[in-house]
Amino acid sequence: MLIGQTAINFAANVLSAAFGLINVIVFTRLFAPAEFGTYVLGTGFAAIASTFMTTWLHLPILREQARGDGTDIRGIIVPGLVLASLLTPIAYLGAILVGVASGPALAAAGLALAVSFFETGQVLLRARLQAFTVMKATILRAVMVSVLGVAVVMVSPAGVVLLLSSTLAYLLAACAFTRAAWGGTVICYDGERLIALIKAGIPLTMSLTLSALSCVIDRFIISHLIGAGAAGQYTAGADLVRQTLIIPAVSASAAFIPLAVQIHANRGREALRFHLDECLEFLLAIVLPACLGFAIVSSHIANVVLGPDFRTMAAEVMPIVSVTVIFQIMTQQYLHISFLLSARNSFYLWNTGTALAVNLVVSYLLIQHLGAVGAAWGRLAAEIFGFFGTLLLTRWAFPMPVPYLRLTRVLIAAIVMAIVVRGLELSLNPDDKNALPILLISGVVSYLAMCWVFDIAKSRRHMSRGLLIVRNALAR
């Protein structure tokens, strides 16, 4: 089930990323850096605001709806969404306070509301393990963002207009799957229950809000110290790395976190620890080679994907961000499960708050001395600090297993892949468009060979099964 759910989530996110890649290719060529900077500042703030508005609703969905025992809490979630929407004017004022201009601030507040509605429906579908429906909704949202974005660029290449088109895309996608997510809901307003949900969700809400702030604080600091244009150039490269590399990790965690909740509730701690052993090996087997490979070929990717005004900055930033993502994923997609299982919500807040403080101070100092690239080094320092801080906190929550032998095999396989790719890059001298396919194919083939040798994440069984399916299909 883990492999199947992950495969569906991964397919959805890959298609979404493909349209996101189209957006980057188009927008970094049609937008001036300052206008693109306006757009990324608006979307960054919308991510923070939507997290603050609805995370307290996602927590009970993950804890209760995901049990699979017939529990349905959608009736209380709907009044909660209405209550959360009342925070939209406050989101607008918050955007003004962090330096976003009035028009983009209004558009960012609207985008936050649309994202909140869409993502809450997605969380409900994931909790019910309806991965295929989640995939369809994700693809539709990605298509609408791309189509509407390209359409408005042709009319007015302004960042605020692009923010408005993204808002419309999220609303249309959410409405299209309202029946699947909310059909049959019996609304039940219970003031005491809502207050209880708010109180229980405050630590996680604050933690994830701080985490969302930590993800985008670098672009706001750069905008404050250098300008929106530099923020746009930096974010184009940094977000390209994050969106590409986090996709497989989020796809896996979207499958194994609900399964972990079910196993913990129905089969006990020992069964859960065995499940988590497999999850960590599977997660690292996906993430580590992807991040190392991306770091090696990042300059080629920047030259192929991004517009001319964005390439120089991206070539400096992307290798650093690629390494940063490893620690970010290990913390958020694996270690944070400990706090969810143990109901230690305050630990989210402690961990994320301290990491954000480190990020803010270090990034501010490094940006002053190194320019925009200092933000990438500051983020790396903060993620390393957050990883080890989380590892320490899990000792007082649910101790997360760390299968060292399995992880050592993954590390060796990833290092071999990195050596192969780097050696080819140094020995060959093709242009960027010709280099990328060669390097990517060689990296995939060498890593899959090492996975077969070490049988990483039961790869021999899965590869044999895949080959059998292909052979039978060809025979038919």
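Look up a bit, the structure's there.
The residue count restarts for each chain, going from 1 along the sequence in the order it is written. With the structure being a predicted model, the display of local features is reserved for residues of pLDDT at least 70 and the display and counting of side-chain atom pairs for 80 or more, all residues being used for whole-chain, interface and lining totals. In computing side-chain values, all of the structure's heavy atoms are included and hydrogens and water are not.

Draft legend 1. Just the pattern of salt bridges, in detail. Any Lys or Arg side-chain nitrogen located within 4 Å of an Asp or Glu carboxyl oxygen qualifies as a salt bridge. One pass over the full model with this rule turns up seven salt bridges. For the salt bridge of Glu425 with Arg422, the shortest nitrogen-to-oxygen distance reads 2.5 Å. Taken together, the residues Glu425 and Arg422, both in helix α16 (residues 404-427) and three residues apart, mark about one turn of the helix. According to the relative accessible area criterion, Glu425 is buried, its value standing at 16%. Buried means the residue's accessible area, taken with a 1.4 Å probe over protein chains only, is under 20% of the maximum for its type, while exposed means over 50%, and partly exposed covers the values in between. Residue classification places Arg422 among the partly exposed residues on the basis of a relative accessible area of 41%. When salt bridges with common partners are traced through the structure, they connect Asp218, Arg219, Asp239 and Arg242 into a single cluster. For helices the rule is a DSSP run of H or I covering at least 4 residues; for strands it is a run of E covering at least 2, with both sets numbered from the N terminus onward.

Draft legend 2. The side chain of Ser338, seen in detail. Its location among the elements puts Ser338 in helix α13 (residues 337-342). Within 3.5 Å is the distance limit for a polar contact, defined as a pair of N or O atoms, with the added protein rule that one can donate a hydrogen and the other accept it, and that residues adjacent in sequence qualify only through two side-chain atoms. In this structure the side chain of Ser338 is engaged in a polar contact, spanning 2.6 Å, whose partner is the backbone oxygen of Phe398.

Draft legend 3. Molecular detail of helix α11 (residues 269-305). Working rule for helices: expected span equals 1.5 Å times residues minus one. The end-to-end C-alpha distance of α11 is 46 Å, clearly below the 54 Å that 37 residues give at a rise of 1.5 Å each. The bend at a residue is defined as the angle formed between two axes, one fitted to the seven residues ending at that residue and one fitted to the seven starting there. Of all the bends found along α11, the most pronounced is centred on Val297 and spans about 65°.

Draft legend 4. The packing of aromatic side chains, seen in detail. Here a Phe, Tyr or Trp ring, Trp counted by its six-membered ring, pairs with any other such ring whose centre lies within 6.5 Å, and the pair is stacked when the planes are under 30 degrees apart, edge-to-face when over 60, and tilted otherwise. According to the stated counting rule, one finds eight aromatic pairs in the structure shown. Considering the side-chain rings of Phe27 and Phe31, the 5.7 Å spacing of their centres and the 85° angle between planes classify their relative orientation as edge-to-face. Residue Phe27 is classed as buried on the basis of its relative accessible area, which comes to 3%. Between Phe387 and Phe388 the ring centres are 5.1 Å apart and the planes differ by 80°, which places this aromatic pair in the edge-to-face class. The class for Phe388 is exposed, based on a relative accessible area of 52%. Taken together through their ring pairs, the aromatic side chains of Phe27, Phe31, Phe36, Tyr39 and Phe310 make up a single cluster.

Draft legend 5. Molecular detail of the nonpolar core. In terms of nonpolar packing, the biggest core is built from 126 residues, with Tyr234 and Leu306 touching the most fellow members. In terms of residues, this core owes the most to one element, α11, which gives 17 residues. Apart from the residues within four sequence positions on either side, Tyr234 is in contact with Asp218, Ile222, Arg242, Met313, Val317, Ala372, Ala375 and Ala376. Residues belong to a common nonpolar core when they are buried Ala, Val, Leu, Ile, Met, Phe, Trp, Tyr or Cys residues joined through side-chain atoms within 4.5 Å. Core analysis: the next-biggest nonpolar cluster, separate from the first, contains 16 residues, Ile61, Ile73, Ile76 and Ala127 among them. Only heavy atoms enter the contact rule, under which two residues are in contact if any of them lie within 4.5 Å.

Draft legend 6. Structural view of the side chain of Thr390. Structurally, the position occupied by Thr390 is in helix α15 (residues 373-393). Classification of Thr390 as buried rests on a relative accessible area of 0%. Setting aside anything within four residues of it in sequence, one finds Thr390 in contact with Thr331, Leu335, His336, Phe339 and Asn351.

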